[in-house]
Amino acid sequence: MDTTHLKQYAPKARRYFIEAVTRRAAKFGITEKETARVEEKGELYLILSPSPHRGEGRGEGNIPEILEHAEHVDLPGLDKDRVIELKLDGTRDEELYHDLLLAQCHALHQAMPFLFETIDDETELLLPDNLTQTDSPIRELVEAIPEEDWQEVEIIGWLYQFYISEKKDQVIGKVVKSEDIPAATQLFTPNWIVKYMVQNSLGAQWLATYPGSPTKEQMEYYIEPAEQTEEVKAQLKAITPDTLDPEELTLIDRACGSGHILVEVYELFKAIYLERGYRQREERYQIYILKKAGYDRTEIAGMLERDKSTIGRELRRNCGLKGYRPKQAHELAIQRRAAK
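Bear in mind that the values here come from a model prediction, so they are computed numbers and not experimental data.

*Asks:* Sorry if this is basic, but what is going on with the confidence of the model for the protein chain here?
*Replies:* Interpretation of this model should avoid reading the predicted coordinates in detail wherever pLDDT is low. Of the residues in the protein chain, 89% have a pLDDT of 70 or more, and the chain-wide mean is 82. By mean pLDDT, the top-scoring element of the protein chain is helix H12 (residues 202-209) (95), and the lowest-scoring one is helix H2 (residues 32-48) (45). This stretch, residues 35-61, has a pLDDT under 50; its non-local contacts, to residues over four places away or in other chains, come to 68 contacts.

Below, the structure is given as structure tokens:
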């Protein structure tokens with residue numbers, strides 16, 4: 001993906017945020033030393049702050065759309081009466097956005113405390129002012145980065161790497177302090193490298209057992225094994241299982257970061273599951289509608305790009321007393337797999 005916009009935005013946003021927090025701290029007489037410690041927590045605010053409205057676009061008057069629908073937002077600890085009061089006032093959008101943002105941070109901590117640390121009272125006091133104004137980093141995040149960039153799985157990783165780039169330049173080549181290790185060592189892995197890693201680990205294991213797998217066509221970075229001697233071929237055959245159950249395959253990423261690798265792992269697992277005949281719920285509804293419209297299994301298979309034997313097996317194994325019904329078919333399939 002084109003990272004030009006992210007490279008321009010992220011360092012500038014970090015500088016803006018540090019300056020804004022410093023100004024807030026000065027209002028409460030907080031010393032420079034205390035402000036420095038808050039800066040590290042501040043990254044959480046910058047990364048999370050767009051989340052209440054990113055992807056929802058802008059409302060009338062170019063304000064965050066979440067403000068238009070604030071009365072319908074349901075987050076733990078959010079005072080609904082206060083939200084309605086601020087919304088009806090019409091002049092207190094900054095306060096309203098402040099409350100929504102903090103409620104989102106608290107909700108993320110409640111859901112995933114292992115990932116998002118708590119936002120205490122002192123940290124709340126340092127939340128910058130003017131987050132909805134035209135010169136705020138949140139406004140620029142939404143307006144300066146093209147919408148198509150947000151469709152890329154890589155965007156969070158690249159955004160963070162550029163966000164810490166200036167800090168990295170400051171510490172690299174020196175004796176790195178423990179608190180500076182993330183800035184010096186955290187590098188984002190580009191998508192093509194992630195695909196190469198996944199396809200030549202999980203994908204390679206699958207293809208070793210099923211060399212004719214159609215999933216191979218989706219693995220653009222898969223490397224064919226080198227030619228081996230007969231002795232090595234025999235050893236490989238001895239340790240390669242004759243069959244693989246997708247449900248028994250697992251993969252762990254011990255340093256998952258933004259989850260980029262896990263997304264590609266999911267896509268490959270999905271292809272493997274579908275190859276082995278696992279039907280998606282939506283596809284079962286398609287089969288039901290086409291069958292009800294009078295199409296036979298050969299015609300349905302052609303429309304869904306499936307083998308007719310696959311459609312035949314689906315209809316045969318997942319029919320109830322009232323014929324083939326998608327919801328029941330899905331439940332039967334789940335029960336059958338659970339009983340294995």
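And the narrative resumes.
*Asks:* For this particular structure, what's the right way to read the pattern of salt bridges?
*Replies:* A side chain with one charge may pair with a side chain of the opposite charge, provided their charged atoms come close. What the rule picks out here adds up to 15 salt bridges. Ionic pairing is found between Arg306 and Glu283, a salt bridge with its closest N-O pair at 3.1 Å. Of this pair, Arg306 sits in the loop between helix H16 (297-304) and helix H17 (308-317) while Glu283 sits in helix H15 (residues 281-292), and the two are 23 residues apart along the sequence. The exposure class assigned to Arg306 is partly exposed, which follows from its relative accessible area of 23%. Given a relative accessible area of 8%, Glu283 falls into the buried group.

*Asks:* What's the story with the packing of aromatic side chains in this structure? I'm lost.
*Replies:* The way to describe two aromatic rings as a pair is by their centre distance and the angle between their planes. Taken as a whole and assessed by the stated rule, the structure comprises four aromatic pairs. A centroid spacing of 6.3 Å and a plane angle of 45° characterise the contact between Trp192 and Tyr221, whose relative ring orientation is tilted. Of this pair, Trp192 sits in helix H11 (residues 191-199) while Tyr221 sits in the loop between H12 and helix H13 (230-239); the two residues are 29 residues apart in sequence, bridging distant segments of the chain. Above the plane of the ring of Tyr210 lies Arg276, whose end atom (NZ or CZ) is 4.5 Å from the centre.

*Asks:* Could you clarify how one ought to interpret the environment of Trp206 in this entry?
*Replies:* Locating Trp206 in the fold gives a position in helix H12. Judged by relative accessible area, Trp206 falls into the buried class, the value being 1%. Considered as a pair, Trp206 and Lys216 are ten residues apart in the sequence and their alpha carbons are 9.3 Å apart. Every residue in contact with Trp206, bar those within four places of it in the chain, is listed here: Ser213, Leu244, Pro246, Leu249, Ile272, Glu275 and Arg276.

*Asks:* Please explain helix H8 (residues 155-163) as it appears in this structure.
*Replies:* Helical geometry note: an α-helix holds 3.6 residues per turn, so side chains three or four residues apart project in the same direction. Here H8 lies mainly inside the structure; seven of its nine residues are buried. Listed as buried for H8 are Ile155, Gly157, Trp158, Leu159, Gln161, Phe162 and Tyr163.

*Asks:* Looking at this structure, how should I read the packing of H15 against H16?
*Replies:* Helix-helix packing is characterised by the crossing angle of the two axes and by the distance between the axes. Between H15 and H16, the least distance of the axes is 10 Å, while the angle of their chain directions is 140°. The orientation of H15 relative to H16 falls into the category oblique. For the crossing formed where H15 meets H16, the hand is right-handed. In this structure, H15 uses Glu283, Gln286, Ile287, Leu290 and Lys291 to contact H16, whose residues at the interface are Ile300, Met303 and Leu304.

*Asks:* Looking at this structure, how should I read the side chain of Ser213?
*Replies:* Tracing the chain through its elements places Ser213 in the loop between H12 and H13. Residue classification places Ser213 among the buried positions, given a relative accessible area of 5%. Here the side chain of Ser213 touches Trp206 through a polar contact of 3.3 Å, side chain to side chain. The contact partners of Ser213, leaving out residues within four places of it in the chain, are Trp206, Leu207 and Glu275.

*Asks:* So what exactly am I meant to see when it comes to the packing of helix H4 (residues 80-89) against helix H5 (residues 93-111) here?
*Replies:* Look at H4 against H5: their axes get within 8 Å of each other, and the N-to-C directions meet at 150°. With respect to H5, the element H4 is oriented roughly antiparallel. By crossing handedness, the relation of H4 to H5 is classed as left-handed. When H4 is examined against H5, the residues Arg82, Val83, Leu86 and Lys87 are found in contact with a partner set consisting of Glu95, Leu96 and Asp99. When its residues are assigned to classes, the contact of H4 with H5 shows three nonpolar, no polar and four charged.

*Asks:* In this structure, what is going on with a positive patch on the surface? I would like to understand it.
*Replies:* A contiguous patch of positive charge on the surface is contributed by Arg297, Lys308, Arg313, Arg316 and Arg317. Tallying contributions element by element places H17 first for the positive patch, with four residues. As for its position among the elements, Arg317 is in helix H17.

*Asks:* Whenever I open this one, unusual backbone geometry confuses me. Can you help?
*Replies:* As a rule of thumb, non-glycine residues mostly have phi less than zero, and peptide bonds are mostly trans rather than cis. Residue Asn130 is not a glycine yet carries a positive backbone phi of 60°. Mapped onto the fold, Asn130 is located in the loop between helix H6 (121-125) and helix H7 (137-144). The phi dihedral of Glu305 falls on the positive side, at around 55°, and the residue is not glycine. Along the chain, Glu305 falls in the loop between H16 and H17.

What counts as what
- Residues numbered from 1 in each chain as written.
- Predicted model: local features only at pLDDT ≥ 70, side-chain atom pairs only at ≥ 80, totals over all residues.
- Heavy atoms only, no water.
- pLDDT = per-residue confidence, 0-100.
- Helix = DSSP H or I, 4+ residues; strand = E, 2+ residues; numbered from the N terminus.
- Contact = heavy atoms within 4.5 Å.
- Salt bridge = Lys/Arg side-chain N within 4 Å of Asp/Glu carboxyl O.
- Buried < 20%, exposed > 50% of the residue type's maximum accessible area, 1.4 Å probe, protein only.
- Phe/Tyr/Trp six-rings, centres within 6.5 Å; stacked < 30°, edge-to-face > 60°.
- Lys NZ or Arg CZ within 6 Å of the ring centre and 35° of its normal.
- Axes fitted to C-alpha atoms, helices over the stretch in contact; angles between N-to-C directions.
- Parallel < 35°, antiparallel > 145°, perpendicular 65-115°, else oblique.
- Left-handed = near helix turned anticlockwise from the far one by under 90°.
- Polar contact = N/O pair within 3.5 Å; in protein donor to acceptor, adjacent residues only side chain to side chain.
- Nonpolar A, V, L, I, M, F, W, Y, C, P; charged D, E, K, R; others polar.
- Patch = residues over 30% accessible without salt bridge, like charges linked within 9 Å, V, L, I, M, F, W, Y side chains within 5 Å.
- Areas by Shrake-Rupley, 256 points an atom, 1.4 Å probe, with all protein chains shown as cover.
- Lys, Arg positive; Asp, Glu negative; His and termini not counted.
- Charge placed at Lys NZ, Arg CZ, Asp CG, Glu CD.

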